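One letter stands for each residue in the lines below.
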Amino acid sequence: PNPCNSDGIKCIMDQSSYRLLQILSLACLACRLTSSSFKNYGTIIPQSPTVEIGKEFTATCVVYEAAKATADDIYWTSGGVIVPKEQYTKINDSAVNVTIPITRETGKWLLCKKNESPSSLNKSKTIHGIELTKGYPPEKPENLSCMAVQFDRLISSNVTCTWQPGKMDEKISTTFTLFGSNYSTKAQRSSGCIYFGNFPNYMELDIWVDVENNLGKVRSDVLFIIDPNEMVKTNPPLDVNIISEKNFSRTLLVSWKHPIHETVVKLKYNLRFCTVGSGDWTEVPPNDTESSKESFRLQYLKPDMEHVVQVRCMHHTGYGYWSDWSANSTARTPEDKPTSKPDLWRVVIPSQGKSERRVEVICKDPVESNGRIRGYNIKIQDGAWEVVPVNGSELNSRSQERKIIPLYQIPLSDKRRGSIELKAWNSVGESPRASLGIPKLAHEPPPVASLSCFNQDRRLWVEWQPPNVEATGVTEYVLEWVSVSDGTIDWQREPRHNRKAPIKGTLQRFKLYNIAVYPMYSGWTGKPLTTACFLEQGAPLEGPSVKVRRTGKSNAEVEWMEIPLDKRRGFITNYTIFYITGGKEHSIVVSPDTYSYTVEGLASNSKQVVRIMASTVQGSTNGSDLSFNTLMYAPGQMEAIVVSVCIGVLFVIVLTVSLCMYKIDLIKKIWPPVPDPSNSTIANWSPDFPTKAVSPKESVLGDVSVVEVDVFDRKSLCEEDKAGLPLKKDKYMSEEHSSGIGGSSCMSTPRQSVSDSEEGGDSGQTTTSTVQYSSVVASNGYKGQSPCTLPQSPCTLLQTPQCGSSQSQMPSFARSESTQPLLDSEESQEGSGQSHQRNPYFSRSPVASESRDPGDRNQLEMEEQGLASLRFCPLEEGSQQTTPTDEGQSPDEQPGPVPSYMPQLRGHRQPC
């Protein structure tokens with residue numbers, strides 16, 4: 001590299017980049033130009049000064065001729081801010097000075113500038129500038145001290161001194177110099193070392209420190225040392241040893257050796273001790289160890305306890321420095337018999353359904369057990385002493401924790417009192433006797449008047465008031481606490497004059513404890529008063545789990561379980577029910593003893609979301625969300641609707657039936673009764689053999705099936721009419737010919753087919769379709785009645801041709817219209833191959849049928865096709881028709897009156 005220097009700036013060429021070379025060259029050129037401009041136009045005196053904060057500083061700017069300016073053209077700037085003219089002082093035409101106060105806010109650069117344009121300060125030229133270094137002058141060092149440590153078996157000739165320096169600015173160079181008599185040396189900021197060649201025994205020494213920087217110089221106070229042994233610090237005592245003596249259970253013998261010979265330095269010693277693990281050191285008074293002896297006996301120690309001992313030493317005059325403490329030395333004191341009684345207590349367990357109690361005797365080892373407790377001697381009531389051994393795993397008196405030992409369980413009646421005596425023993429002897437009395441259940445002494453607990457300094461305090469009696473006789477109080485979660489128990493005793501006390505046992509945060517205070521009456525337990533407390537509360541670990549017990553149309557009953565005790569972490573102050581309905585969240589606050597609630601105002605038949613939040617004094621925790629749907633109808637509403645509808649329908653039915661029964665005559669007029677063909681005697685009736693009227697059968701009126709029967713040709717009819725018209729029943733099957741009950745068929749043109757059962761037809765065939773029954777009735781009428789004669793009507797009935805005389809009477813054709821199928825008896829008779837006696841008017845001889853010529857058959861078919869539906873014509877009121885008598889018949893043999901409905905033949909042009 002090729003350096004180029006200008007005012008302490010070095011520019012180094014980088015051969016790896018030509019571009020970087022150009023940039024650095026321009027920078028160096030700018031540095032030279034700037035430097036040359038400072039030098040050519042003027043200078044500031046002094047150069048790069050160090051100024052003291054809090055004082056004023058004066059600088060002078062001298063202008064050269066090259067600047068082409070006078071002192072009147074000069075102005076100053078400090079940190080970019082123009083210094084006011086009032087702070088300028090003109091010396092001559094080419095020199096002007098400025099005075100500025102120095103503070104922490106004062107700018108780093110002070111510049112002298114020339115104003116190029118009188119109207120504007122922006123057009124200016126820098127004449128020269130200086131950098132100000134601000135700081136403080138050195139402060140006086142304090143607390144100067146010196147020390148000479150032991151090196152091997154002698155005192156070192158190097159004396160190390162330390163002091164406390166004052167304030168100083170790191171930006172200002174400061175020097176420290178340590179002086180001692182005729183010796184001096186450069187020192188560090190807070191310490192230094194002077195080498196004397198040999199330790200200066202029997203010499204007086206003067207030692208001090210000088211501190212200097214650009215702003216001044218200061219000296220510390222002089223340390224006058226008359227005896228150099230005052231600076232000596234020896235090593236700790238050697239070979240510290242502890243001896244435990246069997247017959248001295250409360251003492252330990254400690255021995256050691258001098259670290260340096262007495263001819264060099266005469267020493268005195270100091271001891272301290274503590275039990276292992278405690279950390280609380282106890283020092284032996286210095287007056288007890290001022291001599292230079294090498295042993296000491298520690299007294300009043302605890303028996304059967306391991307102790308730690310340390311020893312140190314210093315110059316016997318008391319001036320100088322204590323040595324460091326020696327390393328730890330440990331030893332255990334011998335055992336001794338217990339000097340305090342065991343802490344006896346009991347747990348009373350009530351029996352279910354029995355008038356007795358179960359008492360469990362427990363205890364803690366004596367505070368002054370003085371050794372490992374091997375067992376207990378216990379005495380119940382007036383019985384003998386019993387030995388209860390204790391395993392080493394159950395109790396270790398050498399540990400700091402006093403464990404609870406279960407000893408005995410006894411049943412005790414509620415009406416009896418009990419007394420317990422207990423003594424503990426170790427390898428040396430027995431402890432004093434402890435006693436405990438349990439009174440009768442109904443005669444327990446009164447409890448304390450009040451009880452409360454509070455937290456203070458991360459400890460749980462219990463406060464109580466004595467029993468409300470004049471002469472209580474209370475000798476002490478027992479504070480008992482039981483963990484609700486795991487049932488662990490502990491207790492402590494307090495003097496009778498105490499009204500509050502902190503619990504000394506180990507309590508866990510966020511755990512619930514039942515705390516009870518028992519007043520003790522000379523060893524007899526009083527009635528307890530109990531309260532629940534937390535050492536420290538927190539927010540619950542989890543929220544309540546909610547479920548829906550019942551849902552309604554606009555409400556729902558929700559219930560939740562109590563948070564488990566180990567996750568509650570405090571007393572629940574309230575529960576908050578959050579529920580979302582209609583897109584909005586609502587909340588309800590309930591008491592801490594509420595575990596179910598009915599939420600009202602919900603939308604029907606919609607989805608709802610609910611959750612429960614549990615709160616303590618330290619925070620709240622939400623449970624999980626639960627979704628459910630409300631009902632469309634309220635409980636019982638659907639049943640009410642169904643019952644109402646059923647009652648309404650039943651009412652309508654009853655009302656309709658009652659109305660029908662009340663208006664039966666009107667109903668008969670609207671729907672006239674239709675005769676039942678199954679009860680008709682027309683099949684057995686003939687003009688020659690009139691039958692007696694048959695009373696109709698008691699049956700339900702059915703539909704009337706219609707069957708048509710063909711009529712023989714006119715010739716045969718006329719001939720047979722004279723001798724007794726024989727008729728035969730034929731079957732005509734036509735669905736188009738049938739009509740409803742009471743309907744008219746006068747306008748219909750039925751297609752008929754003659755089926756002759758004797759001429760190869762299937763006599764066993766039946767039909768479920770509509771068929772027509774018809775019969776030929778003699779002219780003398782049905783049951784002695786004469787057919788009605790109706791006037792001409794558009795519904796024209798073809799008149800049957802007369803045979804011979806115009807006075808010849810023609811047989812009448814009767815037909816019944818019905819949709820009822822053939823009667824089973826009639827179908828079975830026609831369908832079976834058996835022959836039976838039939839009315840001659842319903843049979844036709846096959847010989848007569850076969851003896852007809854074709855012309856007669858055609859004529860018969862035409863006549864059959866011309867047969868009209870039989871109609872019934874009602875009679876006028878007061879009128880009575882009779883059937884004309886046949887020739888050769890007596891009046892007694894004439895048929896009776898024609899019924900009100902009369903079968904008519906087609907051809908009689910009468911109105912329908």
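Here is what the cut-offs are and how they apply
- Residues numbered from 1 in each chain as written.
- Predicted model: local features only at pLDDT ≥ 70, side-chain atom pairs only at ≥ 80, totals over all residues.
- Heavy atoms only, no water.
- UniProt positions renumbered as here; feature names shortened; annotations may be inferred.
- Helix = DSSP H or I, 4+ residues; strand = E, 2+ residues; numbered from the N terminus.
- Buried < 20%, exposed > 50% of the residue type's maximum accessible area, 1.4 Å probe, protein only.
- Contact = heavy atoms within 4.5 Å.
- Areas by Shrake-Rupley, 256 points an atom, 1.4 Å probe, with all protein chains shown as cover.
- Pairing = 2+ DSSP bridges.
- Axes fitted to C-alpha atoms, helices over the stretch in contact; angles between N-to-C directions.
- Salt bridge = Lys/Arg side-chain N within 4 Å of Asp/Glu carboxyl O.
- Disulfide = S-S within 2.5 Å.
- Phe/Tyr/Trp six-rings, centres within 6.5 Å; stacked < 30°, edge-to-face > 60°.
- Lys NZ or Arg CZ within 6 Å of the ring centre and 35° of its normal.
- Patch = residues over 30% accessible without salt bridge, like charges linked within 9 Å, V, L, I, M, F, W, Y side chains within 5 Å.

- As recorded in an unreviewed UniProt entry, the protein goes by the name Interleukin 6 cytokine family signal transduce, listed as coming from Oncorhynchus kisutch.
- As recorded by UniProt, the Subcellular location (unreviewed entry) comment attached to the protein reads in full: "Membrane".
- The protein has a UniProt comment under Sequence similarities (unreviewed entry) that states "Belongs to the type I cytokine receptor family. Type 2 subfamily."

**Things to note about the overall build of the protein**
So, step 1. The number of helices and strands found in the protein is eight helices and 54 strands.
So, step 2. Within the protein, the proportion of its 912 residues that are buried is 40%.
So, step 3. Long-range pairs, those at least 24 residues apart, make up 68% of the contacts in the protein between residues at least 6 apart in sequence.
So, step 4. Carbon and sulfur atoms provide 51% of the accessible area of the protein, an area that totals close to 51,600 Å².

**Side note on the pairing of strand β32 (residues 375-380)**
Look at any regular strand and the pattern is simple: side chains alternate between the two faces of the sheet.
So, step 1. Of all the six residues making up β32, five are buried; the element is thus mostly covered by neighbouring parts of the structure.
So, step 2. Pairing geometry for β32 and strand β33 (residues 386-389), over four bridges, is antiparallel. The residue of β33 that forms the bridge with asparagine 377 is valine 387.
So, step 3. Connecting β32 to the antiparallel partner β33 that follows it, the hairpin turn spans five residues, and glutamine 381 within it adopts a positive phi of roughly 55°.
So, step 4. The pairing of β32 with strand β35 (residues 418-425) spans six bridges and is antiparallel. Considered in β35, the bridge of tyrosine 376 is made with alanine 424.

**A few points about the sheet that holds strand β34 (residues 404-413)**
So, step 1. On the basis of which strands lie adjacent, the open sheet formed by three strands has the order β30-β31-β34 and antiparallel pairing. Two strands bound the open sheet, and with one partner strand each, they are β30 (343-350) and β34. Neighbour-to-neighbour, the strand axes of the sheet open up by a mean angle of 25°, direction not taken into account.
So, step 2. In this sheet, strand β31 (residues 356-364) lies alongside β30 in antiparallel orientation, the contact comprising eight bridges. Looking across to β31, one finds that aspartate 343 is bridged to lysine 364.

**So, the UniProt feature "transmembrane region" (unreviewed entry) in the protein**
So, step 1. Here the UniProt feature "transmembrane region" (unreviewed entry) sits at residues 640-662.
So, step 2. Spanning residues 640-662, this segment combines 100% helix with 0% strand, and its end C-alpha atoms are found 32 Å apart.

**Remarks on the pattern of salt bridges**
So, step 1. A full pass over the atoms with the stated rule returns 26 salt bridges.
So, step 2. The shortest N-O distance in the salt bridge between glutamate 559 and lysine 547 comes to 3.5 Å. Of this pair, glutamate 559 sits in strand β46 (residues 556-560) while lysine 547 sits in strand β45 (residues 546-551), placing them twelve residues apart in sequence.
So, step 3. Linking glutamate 557 and arginine 549 is a salt bridge whose minimum nitrogen-to-oxygen distance equals 3.0 Å.
So, step 4. The class of glutamate 557 is buried, set by a relative accessible area of 14%.

**Looking at the environment of threonine 282**
So, step 1. Structurally, threonine 282 can be placed in strand β26 (residues 282-283).
So, step 2. The class of threonine 282 is partly exposed, set by a relative accessible area of 39%.
So, step 3. Each C-alpha atom, one on threonine 282 and one on leucine 271, is 8.6 Å from the other, the two residues being eleven residues apart in sequence.
So, step 4. Beyond its immediate stretch of four places on either side in the chain, threonine 282 contacts Leu271, Arg272 and Phe273.

**Remarks on the sheet that holds strand β38 (residues 459-465)**
So, step 1. Spatial strand order, β37-β38-β41: three strands in an open sheet with antiparallel pairing. Because the sheet does not close on itself, it has two edges, and the strands there are β37 (450-456) and β41 (500-502). Averaged over all pairs of adjacent strands, the angle between their axes in this sheet comes to 20°, without regard to strand direction.
So, step 2. With seven bridges joining them, β37 and β38 adopt antiparallel strand pairing. Residue asparagine 455 lies in a different strand from β38, and its bridge partner there is leucine 460.

**Details of the state of the cysteines**
So, step 1. Under the criterion given, the structure shown has three disulfides.
So, step 2. Across the disulfide, cysteine 61 is cross-linked to cysteine 112 (sulfur-sulfur distance 2.1 Å). Here the disulfide of cysteine 61 and cysteine 112 is left-handed, its torsion about the S-S bond being about -80°. A residue pair is termed long-range when its members are at least 10 positions apart, and cysteine 61 in strand β5 (residues 56-63) and cysteine 112 in strand β10 (residues 109-117) qualify at 51 residues. Take cysteine 61 and cysteine 112: they sit in the same class, and that class is buried.
So, step 3. Each sulfur in the disulfide pair cysteine 146 and cysteine 161 lies 2.0 Å from the other. Between cysteine 146 and cysteine 161, the S-S dihedral sits near 100°, and the bridge is therefore right-handed. Here cysteine 161 lies in strand β15 (residues 158-164) and cysteine 146 lies in strand β13 (residues 142-151), a separation of 15 residues in the sequence. Each member of the pair, cysteine 146 as well as cysteine 161, is classed as buried.

**Observations regarding the packing of aromatic side chains**
So, step 1. Using the criterion set out here, one finds nine aromatic pairs in the structure.
So, step 2. Seen from their ring centres, phenylalanine 454 and tryptophan 461 are 6.3 Å apart, and the 10° between their planes marks the pair as stacked.
So, step 3. In textbook terms, an aromatic cluster arises when at least three aromatic residues are bridged by ring pairs, as seen for Trp560, Tyr575 and Tyr595.
So, step 4. In this structure, lysine 423 is placed above the aromatic ring of tryptophan 385, and the distance from its NZ or CZ to the ring centre is 4.7 Å.

**A word on unusual backbone geometry**
Residues apart from glycine generally show negative phi values, whereas peptide bonds are mostly found in trans.
So, step 1. The step from isoleucine 45 to proline 46 runs through a cis peptide bond, and the omega angle for that step is 0°.
So, step 2. Take proline 46: it is sitting in the loop between β3 (42-45) and β4 (50-52).
So, step 3. One non-glycine residue with positive phi stands out, namely asparagine 370, at about 55°.
So, step 4. With respect to the helices and strands, asparagine 370 occurs in the loop between β31 and β32.

**Observations regarding a nonpolar patch on the surface**
So, step 1. A contiguous nonpolar surface patch, about 900 Å² in accessible area, is contributed by Met632, Tyr633, Met638, Ile641, Val642, Val645, Val649, Ile653, Val657 and Met661.
So, step 2. The topology assignment puts valine 657 in helix α3 (residues 637-662).
So, step 3. Looking at valine 657, the relative accessible area reads 42%, which means it is partly exposed.

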